[in-house]
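Topology and contacts: notes
The residues making up each chain are set out below.
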Amino acid sequence: RLTVATGPKPRTLNIAPIALRMGPVSSALDQPIDFDASARINGRARLTARGTATTAPAGTVRLSIRDLPLAEMAALGPPLPVAVKAGTLAVDGTAKFGGKAPSFDGRMGVAGLDIAGPDGNRLLAWRNLDVSGIRATPARLAIARISFDRAQSQIIISPNRSINVMDAAGIPTSDDTPET
C-alpha cells in the first residue's frame, strides 16, 4: 500500500500482488541480469516489465500497462484545475537505457476518457485514443499514427481571447504573456 497525502484527503494506491523473478545472477557484477516483474494496481490495472539490467545504468525493458485508472492516478497528484473523472491507460513498448540516450518505442492508448473543466462541465472526452508507432528520446518524439473514436470537447473562446482549454491547462493567453 502506498498512501499519498496531496490534498485534504489522503489517497491509497494498492500494489498487490507483486511478483519478481531475477536470474541467473553471476559473481561477475558486470554481467546483465534478466528480470520479470508484474503487479496489480488497485486490483484492476496490470503492470508487467521484462528485460535485462546491469550495474551500470543500462538495460532494456519490455513494458506493458493495462487498465490503469486515470482518475485514481490523478487523485494521487497535486490538485488540478480540471477533474479527471474517468479513463484507463494502456502502454506497450520497449524502453532502453544507457548508450547514447534513453529511448522508448511502442504504443499507448486511453479509453473512456472524461475530463471536466473548472466549472464541472465536460471539457474533453473520447471513447478511444490510440497512439502507435511512438519513437521517443529526450531530443525527439515521432508518432506514426493517432486515432480517436468519439472525441468530444467543449471549447469556449472568451471576449478577452482566452480559451477555456488553455485556461484549464494554465497556458497564458497572448494578453497574459509577459513581455520580454
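Here's what I pulled together on the structure shown here.

Rules used in this analysis
- Residues numbered from 1 in each chain as written.
- Predicted model: local features only at pLDDT ≥ 70, side-chain atom pairs only at ≥ 80, totals over all residues.
- Heavy atoms only, no water.
- Helix = DSSP H or I, 4+ residues; strand = E, 2+ residues; numbered from the N terminus.
- Rg over C-alpha atoms; globule rule 2.2 N^0.38 Å.
- Salt bridge = Lys/Arg side-chain N within 4 Å of Asp/Glu carboxyl O.
- Core = buried A, V, L, I, M, F, W, Y, C linked by side-chain atoms within 4.5 Å.
- Buried < 20%, exposed > 50% of the residue type's maximum accessible area, 1.4 Å probe, protein only.
- Contact = heavy atoms within 4.5 Å.
- Polar contact = N/O pair within 3.5 Å; in protein donor to acceptor, adjacent residues only side chain to side chain.
- Phe/Tyr/Trp six-rings, centres within 6.5 Å; stacked < 30°, edge-to-face > 60°.

With that settled, the discussion passes to the overall build of the protein. Check the secondary structure of the protein and you find two helices and twelve strands. Listed N to C, the secondary structure of the protein is β-β-β-β-β-β-α-β-β-β-β-β-β-α in terms of helices and strands. Its C-alpha radius of gyration of 20 Å places the protein more than 25% over the 16 Å reference for a compact globule of 180 residues. Taken along its principal axes, the extent of the C-alpha atoms in the protein is 70 × 40 × 35 Å.

With that settled, the discussion passes to the pattern of salt bridges. Here the structure, examined in full by the defined rule, presents six salt bridges. Among the ionic pairs, Asp105 bridges to Arg135, the shortest N-O distance being 3.6 Å. Of this pair, Asp105 sits in strand S8 (residues 103–116) while Arg135 sits in strand S9 (residues 122–136); the two residues are 30 residues apart in sequence, bridging distant segments of the chain. Within the structure, one salt-bridge network assembled from shared partners comprises Arg21, Asp36 and Arg50.

We now examine the nonpolar core. In this structure, Leu68, Leu89, Val110 and Leu113 are the most contacted members of the largest nonpolar core, which totals 19 residues. Elements with a minimum of two residues in this core: strand S6 (59–69), helix H1 (70–76), strand S7 (83–97), S8 and S9. Aside from chain neighbours lying at most four places away, what touches Val110 is Leu70, Thr88, Leu89, Trp126, Arg127, Asn128 and Leu129.

A word on the environment of Ser64. Structurally, Ser64 can be placed in strand S6. A residue is classified by how much of its surface remains accessible, and Ser64, at 16% relative accessible area, is buried. For the pair Ser64 and Arg122, spaced 58 residues apart in sequence, the C-alpha to C-alpha distance is 30 Å. In this structure, Ser64 is in contact with Arg46, Leu47, Thr48, Val91 and Asp92, ignoring residues within four places of it in sequence. Side-chain polar atoms of Ser64 contact the side chain of Asp92, separated by 3.1 Å.

Along the chain, Thr88 falls in strand S7. Among residues more than four places away in sequence, those in contact with Thr88 are Arg44, Asp67, Leu68, Pro69, Leu70, Gly109, Val110 and Ala111.

For the rest of this paragraph, the subject is unusual backbone geometry. The linkage connecting Ala16 with the following residue, Pro17, adopts the cis geometry, with an omega of -10°. In this structure, Pro17 sits in strand S3 (residues 15–22). Here the bond from Gly23 into Pro24 is cis, since omega is -5°, no more than 30 degrees from zero. Looking at where Pro24 falls in the secondary structure, it is placed in the loop between S3 and strand S4 (33–41).

Quick look at the packing of aromatic side chains now. Two descriptors summarise a pair of aromatic rings, namely the distance from one centre to the other and the angle between the planes of the rings. Tallied over the entire structure, the rule returns one aromatic pair. Ring centres of Trp126 and Phe148 lie 5.1 Å apart, and the angle between their planes is 70°; this geometry places the pair in the edge-to-face category. Placement of the pair is Trp126 in strand S9 and Phe148 in strand S11 (residues 145–149), with a sequence separation of 22 residues.

This part covers the environment of Thr3. On the secondary structure map, Thr3 appears in strand S1 (residues 2–4). Each C-alpha atom of the pair Thr3 and Asn14 lies 8.6 Å from the other, and the pair is eleven residues apart in sequence. For Thr3, the residues in contact, after removing those within four places along its chain, are Pro10, Arg11 and Thr12.

This part takes up the side chain of Ser132. Note on placement: Ser132 falls in strand S9. Residue classification places Ser132 among the buried positions, given a relative accessible area of 13%.

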